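# Secondary and tertiary structure notes
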Amino acid sequence: MTVSTPVAIDPFGTDIPGETARLRALGPLVPIVLPGGIPAWAPTGYATLKTLILDPRVSRDPRRHWSLFAEIPRRPEWSWILNWVGVVNMLSAYGPDHTRLRKLIAPSFTARRTEAMRARVEAITEELLTELAAAGAGGRPVDLRSGYAHPLPLRMICELFGVPDELREATARMASTIMDTSDPSPEHTASAQEQVATVLPALIAHKSEHPGDDLTTELVRVRDQDQDGDRLSDEELLSTLLLVIGAGFETTVNLIGNAVVALLRHPAQLSAVRVGDLSWEAVIDEVLRVQPSIANLPLRFAVSDITVAGVTIPAGDAILTTYAAAGLDPEHYGPDASDFDPGRSADDHLSFGIGVHRCIGAPLARMEARTALPALFERHPALRLAVPPRELRQLPSFIGLGWQEIPVLLDPSPTEPAPRGYPQPG
């Protein structure tokens, strides 16, 4: 089927699974319109997306390969996309440029460093569980997102990058503002860019004066000292910090929160993982498949005309990276692809990327989730949602996929009704 009229993507991400299914019914590659009227193509299935991600004719560099990049200054309603493609880091690099940046940055993200963080993840998890239990004492409902799923990744990423206490709240606000795609206005974009231009230079200046055993210090060193004749520029340093802090924080918040909600909505699966019939690794992979932390990632670009699944993407056109569509594809995962089933062995999901752009922070995200989830359910075996699932609200984003709040009862009595309001733990 050929679609002549582009389909407008919901900027609020109100029903990403439903939207994905509707697009899939139109064909394997569908012309779409992103917030503000930006035209792009949406792969609607696993095979199509994987083929495009691995195709060397698909670029991440808008300056070289997006035919409409020069239009952005003349279209203020498009300005929001600069938060995603206007940066100069691994996410927006292609070919040798990407190889160069990854070579400079990858040594800072070693398996040894990730493993060394395990003890801190466990300690912070215990601290947060203690605070959460105090907030939920007496059957009071608590917001699991703000009290647990959010602060654990935030504290870990801030410790990993040496973010001082006075910048932590601003760092979290910056990441949240960029992820919010419900407002493509120039004012929202300006707010996001102002936060980036304030928070990250302050972090770089702080670590330049007070170096430590952290990743910001290492990246500053890569800027200031030759690495086999190469180094990061100031712009590359700032954009790299934006990428790795944002990607290592908001995405893990969603992973933990999505996993908790999925298990509470599927008590049989929760029982199976508790008794060891299912592994926590399988649960994490299934959550990443059926509700990936990043549903759609802007943007990739066709270097030349590319024909996939009988559809030709013209050179210079933009392509949305549709992780949610790939994970819910019934042709790849079967007719029950929309069902949460950790027993299906979904470790081939694409939610951490694939090939040269695979997420270098994936091991840390997995380790945080692998620590946080069993600890939570062991501490609170009667944990349940404090509101009906239909009342949970998605984040206002077609990019990030997660919950705005997750009200829960930690230790409810069997007959206790779910209250309506809940305090913030602290």
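The structure contained in this document is the topic of the report that follows. Keep in mind that what you see is a predicted model, and the values were worked out from it rather than measured. (Residues numbered from 1 in each chain as written. Predicted model: local features only at pLDDT ≥ 70, side-chain atom pairs only at ≥ 80, totals over all residues. Heavy atoms only, no water.)

## Details of helix H5 (residues 96–105)
The periodicity of an α-helix, 3.6 residues per turn, causes residues three or four positions apart to be oriented the same way. Turning to H5, its buried residues number three or more, namely His-98, Leu-101, Leu-104 and Ile-105. On an axial view of H5, the arc spanned by its buried residues comes to 135 degrees, and they lie on one face. Those residues of H5 that are exposed and aimed more than 90 degrees away from the buried face are Pro-96, Thr-99 and Lys-103. Those residues of H5 hidden inside the fold are in contact with helix H12 (215–224) and helix H13 (234–265). (Buried < 20%, exposed > 50% of the residue type's maximum accessible area, 1.4 Å probe, protein only. Helix = DSSP H or I, 4+ residues; strand = E, 2+ residues; numbered from the N terminus. Arc of directions from axis to C-beta. Contact = heavy atoms within 4.5 Å.)

## A word on unusual backbone geometry
Between Pro-298 and Leu-299 the backbone carries a cis peptide bond, its omega angle lying at -20 degrees. Tracing the backbone through its elements, the reader meets Leu-299 in strand E6 (residues 297–302). Not every positive phi belongs to a glycine, and Ala-309 is a case in point at roughly 55 degrees.

## Some words on helix H11 (residues 186–209)
An ideal rise of 1.5 Å per residue puts 34 Å on 24 residues; H11 measures up with 34 Å between its terminal C-alpha atoms. In this structure, the buried residues of H11 make contact with helix H4 (82–85), helix H10 (165–179), H12 and H13. (Expected span 1.5 Å × (residues − 1).)

## Points about the sheet that holds strand E10 (residues 384–385)
Consider a sheet: its strands pair through backbone hydrogen bonds, and that pairing is either parallel or antiparallel. Read from one edge to the other, the open sheet built from three strands follows the order E5-E11-E10, with strand pairing classed as antiparallel. Looking at strand neighbours, the two that pair on one side only are strand E5 (142–143) and E10, the edges of this open sheet. Two elements, E5 and strand E11 (residues 407–409), share two bridges in a ladder whose sense is antiparallel. The residue of E11 that forms the bridge with Val-142 is Val-408. (Pairing = 2+ DSSP bridges.)

## A short note on the packing of aromatic side chains
Summed over all chains, the structure comprises six aromatic pairs. With 6.5 Å between their ring centres and 10 degrees between their planes, Trp-66 and Trp-78 make a pair best called stacked. One end of the pair, Trp-66, is in the loop between helix H3 (62–65) and H4; the other, Trp-78, is in the loop between H3 and H4, and 12 residues separate them in sequence. Looking at Trp-78, the relative accessible area reads 2%, which means it is buried. (Phe/Tyr/Trp six-rings, centres within 6.5 Å; stacked < 30°, edge-to-face > 60°.)

## Focus on the pairing of strand E2 (residues 29–34)
Most of E2 is tucked away, with five of its six residues classed as buried. Examined bridge by bridge, strand E1 (residues 7–8) and E2 share two bridges and lie parallel to one another. By the bridge assignment for E2, Ala-8 is matched with Val-33. Of the pairings in the sheet, the one linking E2 to strand E3 (residues 38–43) comprises six bridges and is antiparallel in character. Bridging from a neighbouring strand, Leu-29 pairs with Pro-43 of E3.

## Examining the side chain of Thr-252
Relative to the helices and strands, Thr-252 resides in helix H13. Thr-252 has contacts with Pro-153, Ala-365 and Glu-368, leaving out every residue within four places of it along the chain.

## What about the pairing of E6?
Among the six residues in E6, six count as buried, and that is most of the element. For strand E4 (residues 58–59) and E6, the ladder comprises two bridges, and the chain directions are antiparallel. Across the sheet, Ser-59 pairs through a bridge with Phe-301, a residue of E6. With three bridges connecting them, E6 and strand E9 (residues 318–321) associate as antiparallel partners. Residue pairing across strands places Phe-301 opposite Ala-318, the latter belonging to E9.

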